[in-house]
Amino acid sequence: MNLFAIIKLVVKNLRARKGRTLLTILGITIGVAGVIIIISLGAGAQNLILGQVTKLGSNLLYVQPGKTAESGAPIPGLVITSLVNSDVEALRDKARVPHATAINAIAQGASTVTWGNKTIDSTFMGTDTDYPKVANFTMDAGEFFSDAENSGGANVVVLGSEISKKLFADSGVNPIGQIVKVKSSAQDTAGGVPLRVIGVIAPRGSSFFQNQDEIIFMPLVIGQQQVLGIHHLQAIYIKVDESPNISSTIDNINTVLKQQHHILDDINIDFTVRNQEDAVKILSTITNALSLFLIAMAGISLVVGGIGILNIMMATVAERTREIGLRKAVGATKKAIRNQFLLEASLLTGLGGVVGIIFGVLISYLISLVMINMGYDWAFIVSWISIILSVGVSVLTGIVFGLFPAIKAAKLDPIDALRYE
Amino acid sequence: MNLINIKNLKKDYTTGDVVTPVLDDINFKIDEGEFVAIMGPSGSGKSTLMHILSFLDRSTSGIYEFKGENITVFDDNYLAELRNKEIGFVFQSFNLLPRTTVLDNVKLPLLYSKKKNYDELAKKSLESVGLSHRLNYYTNQISGGEKQRVAIARALVCDPAVIFADEPTGNLDSKSGNTVMFLLQQLNDQGRTIILVTHETDTANHAKRIIRIKDGHILSDEPVLHRTIADADKDLIK
């Protein structure tokens, strides 16, 4: 008996029992759709998270005050003041850190911004002229503050698009030239620091789960000394020209800062240089592990679907006992009967797999539309591997769970089978 | 020419330690072209004998030669092939596949054969039982008599040496039963060997020879003197 004839026969059998066929494949369909959706969502989420990281700009290093706590949590309330403004000046020396294209000191915090009788919450960031270069952003109106304004400590501020909208959209007043008062939520500066708006940044969306459009920017010394009332830095961002130069730049920064801080022994290092690529790697590892875990969960539903197949095939063999007897009487060998039922089971699960893939891809696509609508930078990703894997696994499920009923059918005694009522 | 040669055939059923003899010391020969009825009451062993003769079952001891070959030595796969090539079955309860067309039912034995032209052979076979107009009917759409004629077409499709008919009229009204017996007699007239298993004398009298069995032994083996010739509507079969 040739394979083509068996396939035709099996397809006829499945078509003759459409309702049951559909119900049988449901378990496999759900399992496969689950795997496809989870793999797609995992890839989408990974893409989103990594996108958030790289949105801050690529080839980015940042220096934090304090030594990396390899073990244990940082002490709550402890403020590390080891990074200061002179460190930034030292790092700007081209001879010592040759591959740095932009260096930014950061002093930031939560604040309120007041204009007229409107007061809204925002995040403020005291930084340097280079910041737009480091963080990859452009201006919607006006200018970012200049070197002169920065070093002179001019009382100027650049608003994120949301902040500008919330303060000025109602009144229709051009924000440029207006005076706003910025008050740190942590520091009691009565009435706030009056600053003149000189620019509005083009909308940037969310990054690192913070709305980048709700940040205001001001010269470092204003943010640091006037708004925050401190004399140290919270971070220094360093942009490197090419990614192959990252490790040498890390070495340069370590050398410069150790010298600045008079550190002879590495044990006493009071700063940490972090590489964005490291963060990307760690995030990838975490998201991959999560995806695997979820795929394993979906895999369980495939096994349950397989047991459903096993059940139905057992029932089918019992129901078709006379047919099996007849087939044997007219010349079917054990092998032919076994192959027929095995093929039927794997065709069922294969069909379930294909339907599952269609639904899985469709649902993944719908989810991506919803995510994009919600403002996330979401990508619709379905990998070929997940599709091939799903079909493979579902057909394999059919063979594994169809084997026992098929062998049972093949072993039936034709005389008993023909007499079966 | 000799087709079947049974010598000292014995069949026991063993359940645990209990051995139940079903057939004992069975001896007969059947030549090609014969029309033999195996008769006996239920429990006589006639069905078991038919199963052994048609390679569905094996004897406990004795010799069964089919076309001169001792078939007791062959394995299950070879017997399946032999059933496909040499045996056609007609059952009391038709045993047609449900939710399947008449044509596909007749094609069934061909699936397990080495033949290629399924459609052509199945249609030819259905034509010979007068059912060319029912090819694409489903088996639940035709009458009992037609079902049994489909079964005969199925039995014929691989051109077997012998047809086993096990109570072929048992589930039919007398008119349909008559048609079936007519077909079997006609096939025999064309040279086909027919072995009929029945417990009814009226049916058995359509054969040319009756082997009577009781309690596993042959009671008598003699030709039918006053043979019944089935008289069906001659237009039925072209």
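Residues numbered from 1 in each chain as written. Chains lettered and ligands numbered in written order. Predicted model: local features only at pLDDT ≥ 70, side-chain atom pairs only at ≥ 80, totals over all residues.

Undergrad: Could you clarify how one ought to interpret the environment of Leu257(A) in this entry?
TA: Residue and element names in this part refer to chain A. Relative to the assigned elements, Leu257 resides in helix α8 (residues 246–260). With 12 residues separating them along the chain, Leu257 and Ile269 place their C-alpha atoms 9.0 Å apart. With residues near it in sequence (within four places) discarded, Leu257 still touches Asp87 and Phe271. (Helix = DSSP H or I, 4+ residues; strand = E, 2+ residues; numbered from the N terminus. Contact = placed C-beta atoms within 7 Å.)

Undergrad: Sorry, what's going on with the nonpolar core here?
TA: What tends to happen in soluble globular proteins is that the nonpolar side chains get buried as a cluster. Ranked by internal contacts, the top residues of the largest apolar core, which has 110 residues, are Val36(B), Ile38(B), Ala153(B) and Leu196(B). Among the elements that make up this core, the one with the highest residue count is helix α2 (residues 18–55) of chain A (10 residues). When residues no more than four places from it in sequence are discounted, the contact partners of Ala153(B) are Val106(B), Ser125(B), Leu126(B), Ser128(B), Val129(B) and Leu131(B). Among the nonpolar cores identified, the runner-up in size contains 54 residues, and Ala100(A), Leu195(A), Ile215(A) and Tyr237(A) belong to it. (Core = buried A, V, L, I, M, F, W, Y, C linked by C-beta atoms within 7 Å. Buried ≥ 20, exposed ≤ 12 C-beta atoms within 10 Å, placed from the backbone.)

Undergrad: Any chance you could explain the environment of Gly40(B) here in plain terms?
TA: Residue and element names in this part refer to chain B. Along the polypeptide, Gly40 turns up in the loop between β3 (35–39) and α1 (46–53). A sequence separation of 176 residues divides Gly40 from Gly216, and the C-alpha atoms of the two residues are 9.6 Å apart. In this view, Gly40 contacts Gly45, Lys46, His199, Arg212, Ile213 and Lys214; residues no more than four positions away in its chain are not counted.

Undergrad: How should the pairing of strand β6 (residues 179–184) of chain A be read in this particular structure?
TA: The side chains of a regular strand alternate, first on one face of the sheet and then on the other. Residues and elements named next belong to chain A. Only one face of β6 is buried: it carries Val180, Val182 and Ser184, and the other face, with Ile179, Lys181 and Lys183, is open. Summarising the sheet, strand β2 (residues 100–115) and β6 pair through 4 bridges and their orientation is antiparallel. Its bridge partner lying in β6, Val113 is registered against Val182. (Pairing = 2+ DSSP bridges.)

Undergrad: Please clarify how the sheet that holds strand β5 (residues 69–70) of chain B should be interpreted in this entry.
TA: By definition, the strands of a sheet pair up through backbone hydrogen bonds, in either a parallel or an antiparallel sense. All names here are of chain B. The antiparallel open sheet is built from 4 strands, whose spatial order is β2-β1-β4-β5. This sheet does not close on itself; its edge strands, each paired only once, are β2 (18–31) and β5. On the sheet, α1 packs against β1 (2–15), β2 and β4 (61–66) and is oriented at approximately 60° with respect to β2. (Axes fitted to C-alpha atoms, helices over the stretch in contact; angles between N-to-C directions.)

Undergrad: It is not clear to me how the sheet that holds β3(B) should be interpreted in this structure. Could you clarify?
TA: Residues and elements named next belong to chain B. Pairing in this open sheet of 6 strands is mixed, and the strands run β6-β7-β8-β3-β9-β10 from one edge to the other. Both edges of this open sheet fall to β6 (87–90) and β10 (217–223), since each of them pairs with a single strand only. Each strand axis lies, on average, 15° off the axis of its neighbour in the sheet, ignoring direction. For strand β7 (residues 162–166) and strand β8 (residues 193–198), the ladder comprises 5 bridges, and the chain directions are parallel. When the sheet's bridge partners are listed, Ile163 is paired in β8 with Ile194. Packed on one face of the sheet, α1 meets β3, β7, β8 and β9 (209–214) and runs near 155° to β8.

Undergrad: I would appreciate a short explanation of unusual backbone geometry in the present structure.
TA: Most peptide bonds take the trans configuration, and most residues that are not glycine carry a negative phi. At His262(A), a residue that is not glycine, the phi angle is positive and equals roughly 55°. Note on placement: His262(A) falls in the loop between α8 and β12 (271–275). Taking the number of C-beta atoms within 10 Å as the measure of exposure, His262(A) has 7 and is therefore exposed. For Glu167(B), which is not glycine, the phi torsion reads 45° and is therefore positive. On the basis of neighbour count, Glu167(B) is assigned to the partly exposed category, with 19 C-beta atoms found within 10 Å.

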